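# Observations on the model geometry
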Amino acid sequence: MAGYRDNLDVLRRAFPQPISDQEHDAWFVFSVLRALDRVDSMKSQRPMLGEPREVDFAQATKARMAEDMSSVEAVSRELVDHLAGMFIWGHPRSQVNVINPSCIPGILGTLLPAIYNPNLCSEEASRGVAFAEAEAISMTAALMGYDPDRSGGIFTFGGTGTLLYAIRLGIEKAVPGTMQDGLRGEQPLVVCSEQAHYATKTAASWLGLGASSVVKIPSAPNNEIRTCLLESELRRLLKEGKKIACIVATMGTTDAFGLDNLEQMHQLRDDLVREFSLDYVPHLHADAVIGWAWSVFRDYDFTQNALQFPDRTLRALAGANRRIRHLHLADSIGVDYHKTGFAPYISSAFFVKSAEDLKMLSRDQSTTPYLFQSGDYNPGRFTLETSRSGCGPMSALGSLLLLGKNGLRTLLGHLVTMAETLRNRLTAHPAISVMNADNFGPVTLFRVYPDNVDTFEFPKLEQTNANYAAQLKEYNEYNRKVFRIVHAEALKGEGIVISMTDRFRETEYGHPVVALKSYIMSPFSDQQYVQSVVESIDRARRQVQ
Ligand SMILES: *Cc1c(COP(=O)(O)O)cnc(C)c1O
């Protein structure tokens, strides 16, 4: 057996050289290149890498750490093999979910920190990468209409993390002192629409409020919160003496791209504070992890239309902007660059309108707030995490720098154009009904029916009339069958990969409605692939019948 000194010599070659060694530096780059080359050889016409395959998790229990060292080359092969069967989100035949393909600067933003391993816990350990975080935060804050000199923000572990921050702040506002003393029997509430992401409940549970402290308000057919019901419910709760920790506005629902009326919610919140003479202001959070990117249209001149979007696209973009332009009214905002900013996972940030708010989360209440201009950049004093990766901020920055406003407008405009084309085709089909016709994003929900169904009348009947519960159930099953066939075909590289949602909403009598879902996120999407969604569904319908 080799002595440890021999091993050490071998292992040193497996690290980037700390002191320039041109030969070895080249070999490192070459190793990356070889890995990428291997992945590229797994590409085909199919929207996935390599062959479709079932993952056998029973095999994973057999994994053990080896006795001996391996080589960079061998491990590289193993790692690349693990990508087999992955969908290629950027493939034009891929319309699966709100998963964006990463642009190359976004990828570099993950690679570079991986090599030099900055830790955003402190400025000392991250330097210019901490600056990248501050830059990405300021750029995005200004984009959304916050004043970067007064607002603050930090990157965190996903959209779920942004909700955790928001609700935590809200608790502290409604019941001051809980950071130190805990809830002590208080149970302030979180209020959101029934279309809000389940992460709202996750955050409430993990913060000790319990999922049952999340009050859900019904949504309108266009998937936005019914503001009048929000008003009556808030009034009722406040009359009962309940405290409201946080009101969550969902700015881009996950399944349908529904956009809550933040302007009205903000007005309502302020009115109730006055009416009930509250000694705190219920925190208003905008869960804009999907919708934030549409902020690039805040200052787009829709009449000039310099980018020459088609009329229908223009209308859809203006429809989204009508709601998104009010983001700055929220006390805090959640942003996922990894959803609609073309950055890789995890790249998410939490924004507060007033940086002072972050002080409430500080581990040491006596210290000053950490405004960026103060030159005292120590987010580690208030972040939930201790170590924080530089990958999120560097990826976000890479993507923002590459795209600029016009680049992001172009990409979003293209995705919406493709979605509009798809909607046209689906609407023209006698057996298909689009379920979110009044939403303006890249996602289309639709239901497919057997031949004899009147798709002009029936979708409304099954939604509103409990007498049709049995048919609703039958057609839910029908949609599942169609989905399975479309999916199997897509895996063979022939059709389009779409997805299915088991409950995009409930009927008025409380039953789940299944829908097929096309989420167009690829810059490579194009007319012919949109057409093949309809063709693939026709083939599936013939098989089912
Ligand atoms: C995806 C999503 C979340 C959760 O975000 P992650 O980044 O997946 O943690 C929260 N809210 C909405 C509206 C979402 O779509």
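The text that follows walks through the structure, step by step, so that each part is easy to find. Quantities reported herein were computed from a predicted structural model and do not represent experimental measurements.

What counts and how
- Residues numbered from 1 in each chain as written.
- Predicted model: local features only at pLDDT ≥ 70, side-chain atom pairs only at ≥ 80, totals over all residues.
- Heavy atoms only, no water.
- Pairing = 2+ DSSP bridges.
- Helix = DSSP H or I, 4+ residues; strand = E, 2+ residues; numbered from the N terminus.
- Axes fitted to C-alpha atoms, helices over the stretch in contact; angles between N-to-C directions.
- Contact = heavy atoms within 4.5 Å.
- Buried < 20%, exposed > 50% of the residue type's maximum accessible area, 1.4 Å probe, protein only.
- Phe/Tyr/Trp six-rings, centres within 6.5 Å; stacked < 30°, edge-to-face > 60°.

Pairing is mixed in the open sheet, where seven strands are placed in the order S1-S7-S6-S5-S4-S2-S3. Two strands bound the open sheet, and with one partner strand each, they are strand S1 (152-156) and strand S3 (214-217). The sheet shows a mean angle of 20 degrees between the axes of neighbouring strands, taken without regard to direction. Here four bridges tie strand S2 (residues 189-193) to S3, and the two strands are oriented parallel to one another. Within the sheet, the bridge partner assigned to Ser193 lies in S3 and is Ile217. Relative to S1, helix H6 (residues 128-144) is tilted by about 120 degrees, and along the sheet it contacts S1, strand S6 (332-336) and strand S7 (348-352).

Right, let's talk about the pairing of strand S4 (residues 244-250) for a bit. Within S4, seven of the seven residues are buried, which leaves it mostly tucked inside the rest of the structure. Here three bridges tie S2 to S4, and the two strands are oriented parallel to one another. Paired with Val190 across the two strands is Cys246, which belongs to S4. Pairing of S4 with strand S5 (residues 283-287), which is carried by five bridges, proceeds in the parallel orientation.

This part is about the packing of aromatic side chains. The final tally for this structure, using the stated rule, is 14 aromatic pairs. Summarising the aromatic geometry, the rings of Phe257 and Trp294 are spaced 4.6 Å apart at their centres and angled 50 degrees between planes, so their arrangement reads as tilted. You can see Phe257 sitting in the loop between S4 and helix H11 (262-275) and its partner Trp294 sitting in the loop between S5 and helix H12 (311-324), a full 37 residues away along the chain. Judged by its relative accessible area of 1%, Trp294 is buried. Members of the aromatic cluster, connected to one another through ring pairs, are Phe297, Tyr300, Phe302 and Phe309.

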